[in-house]
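# Residue-level structure breakdown
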Amino acid sequence: MRDKRTLLRFSVLIVIFLALGSAFYTAYMSEQGPLPVGEEVPDFELEALDGDVVRLSDFRGKAVFVNFWGTWCEPCKVEMPLMQEYYEENGNEAFEILAVNIRESELAVSSFVNKRDLTFPILLDRHNKVTNLYNVGTLPASYFIDAQGRLVDYHVGMLDEESIEELVESAVNAQES
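Note that the coordinates shown come from a computational prediction; the quantities given were computed from them, not determined experimentally.

Here the chain averages 86 in pLDDT, and 82% of its residues register 70 or above. Across the chain, strand β5 (residues 122-125) holds the top mean pLDDT of 98, while helix α1 (residues 2-30) sits lowest at 59.

Structure, rendered in structure tokens:
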């Protein structure tokens, strides 16, 4: 009887250990960028909120700030107006912001965008195709790509004004090196 209990406890501990190990591994891997910094990022094509089809490769020659977000994401609600402010003050031919919404209805996204007067392209990843391609786990997640399509940097979590400026500038300036 005692041996059966010991075996059962040992088995439960092994299952718990494996589950925790898997959870930590998954969490760690989802925080990693899809490619090493300096590598070309995968191209993608998504429908924009305005109905246009947008390809990342359409922006070759410009730095691109790709931001993955959701309307339910509290840090995203704080970050989006900061992105809009930076976009209005600095938007030019050197960079573009592409905000990729993850699996939400067009109505929810449109309401969120209109309420905040967002003017940069809002893309709809209805089937998590690009989200999975870029190994996005935690939101918000931001990828900074240079004019040649190479990953300059990425950031998981909310960006503040200073971080947005620094990371966009690093992507824009990477095209000059």
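On to the sheet that holds strand β6 (residues 141-145). Within the open sheet, the seven strands sit side by side as β2-β1-β5-β4-β3-β6-β7. Their pairing is mixed. Of all strands in the sheet, those with a lone pairing partner are β2 (53-55) and β7 (151-156), marking the two edges. Mean inter-strand twist for the sheet, computed between neighbouring axes without regard to direction, equals 30°. The pairing of strand β3 (residues 63-69) with strand β4 (residues 95-102) spans seven bridges and is classified as parallel. Within the sheet, the bridge partner assigned to A63 lies in β4 and is F95. Each of β3, β4, β6 and β7 touches helix α5 (residues 161-174); the most contacted strand, β7, lies at about 165° to it.

By the definition in use, this model includes ten aromatic pairs. Relative to Y143, the ring of F68 lies with its centre 5.7 Å away and its plane at 85°, an arrangement referred to as edge-to-face. With F68 in strand β3 and Y143 in strand β6, the pair connects residues that are 75 residues apart, well separated along the chain. Across the pair, exposure class does not vary: F68 and Y143 are buried alike. An angle of 85° between the planes, with centres 5.5 Å apart, marks the rings of Y134 and Y143 as edge-to-face. Of the residues examined, Y143 reaches a relative accessible area of 3% and is grouped as buried. An aromatic cluster of three or more residues is present, and its members are F44, F68, Y134, Y143 and Y154. Just above the ring of F112 sits the side chain of R116; from NZ or CZ to the centre is 3.8 Å.

So, on to the state of the cysteines. As used in these notes, a disulfide is a covalent bond between sulfur atoms, one from each of two cysteines. For the structure on display, the rule yields one disulfide. Shown here is the disulfide that connects C73 with C76, its sulfur atoms set 2.4 Å apart. Residues C73 and C76 share a disulfide whose torsion about the S-S bond is about 75°; that sign makes it right-handed.

Take a negative patch on the surface next. Together, E85, E88, E89, D117, D160, E161, E162, E165, E166 and E169 make up a negatively charged patch on the protein surface. Broken down by secondary-structure element, the contributors of at least two residues to the negative patch are α2 (74-90) and α5. Residue contributions to the negative patch peak at five residues, all from α5. Structurally, D160 is set in the loop between β7 and α5.

This paragraph deals with the pattern of salt bridges. Applying the stated rule across the entire model yields seven salt bridges. With a closest N to O distance of 3.0 Å, E106 and R126 form a salt bridge. A residue pair is termed long-range when its members are at least 10 positions apart, and E106 in helix α3 (residues 106-116) and R126 in the loop between β5 and α4 (129-133) qualify at 20 residues. For E106, a relative accessible area of 39% puts it in the partly exposed group. Here D146 ties to R150 by a salt bridge, and the two come within 2.7 Å at their closest N and O atoms. For D146, a relative accessible area of 3% gives the class buried. Connected through salt bridges with shared partners, the residues E47, E106 and R126 form a single ionic network.

On to the pairing of strand β1 (residues 45-48). The sheet contact formed by β1 and β2 spans three bridges and is antiparallel. Residue E45 lies in a different strand from β2, and its bridge partner there is R55. Remark: four residues form the turn of the hairpin made by β1 and β2, two consecutive strands paired antiparallel; G51 in that turn has positive phi of roughly 95°. Strand direction decides the pairing type here: β1 and β5, joined by two bridges, are antiparallel. In the strand pairing of β5, E47 is matched with L124.

Parameters and conventions
Residues numbered from 1 in each chain as written. Predicted model: local features only at pLDDT ≥ 70, side-chain atom pairs only at ≥ 80, totals over all residues. Heavy atoms only, no water. pLDDT = per-residue confidence, 0-100. Helix = DSSP H or I, 4+ residues; strand = E, 2+ residues; numbered from the N terminus. Pairing = 2+ DSSP bridges. Axes fitted to C-alpha atoms, helices over the stretch in contact; angles between N-to-C directions. Contact = heavy atoms within 4.5 Å. Phe/Tyr/Trp six-rings, centres within 6.5 Å; stacked < 30°, edge-to-face > 60°. Buried < 20%, exposed > 50% of the residue type's maximum accessible area, 1.4 Å probe, protein only. Lys NZ or Arg CZ within 6 Å of the ring centre and 35° of its normal. Disulfide = S-S within 2.5 Å. Patch = residues over 30% accessible without salt bridge, like charges linked within 9 Å, V, L, I, M, F, W, Y side chains within 5 Å. Areas by Shrake-Rupley, 256 points an atom, 1.4 Å probe, with all protein chains shown as cover. Salt bridge = Lys/Arg side-chain N within 4 Å of Asp/Glu carboxyl O. Lys, Arg positive; Asp, Glu negative; His and termini not counted. Charge placed at Lys NZ, Arg CZ, Asp CG, Glu CD.

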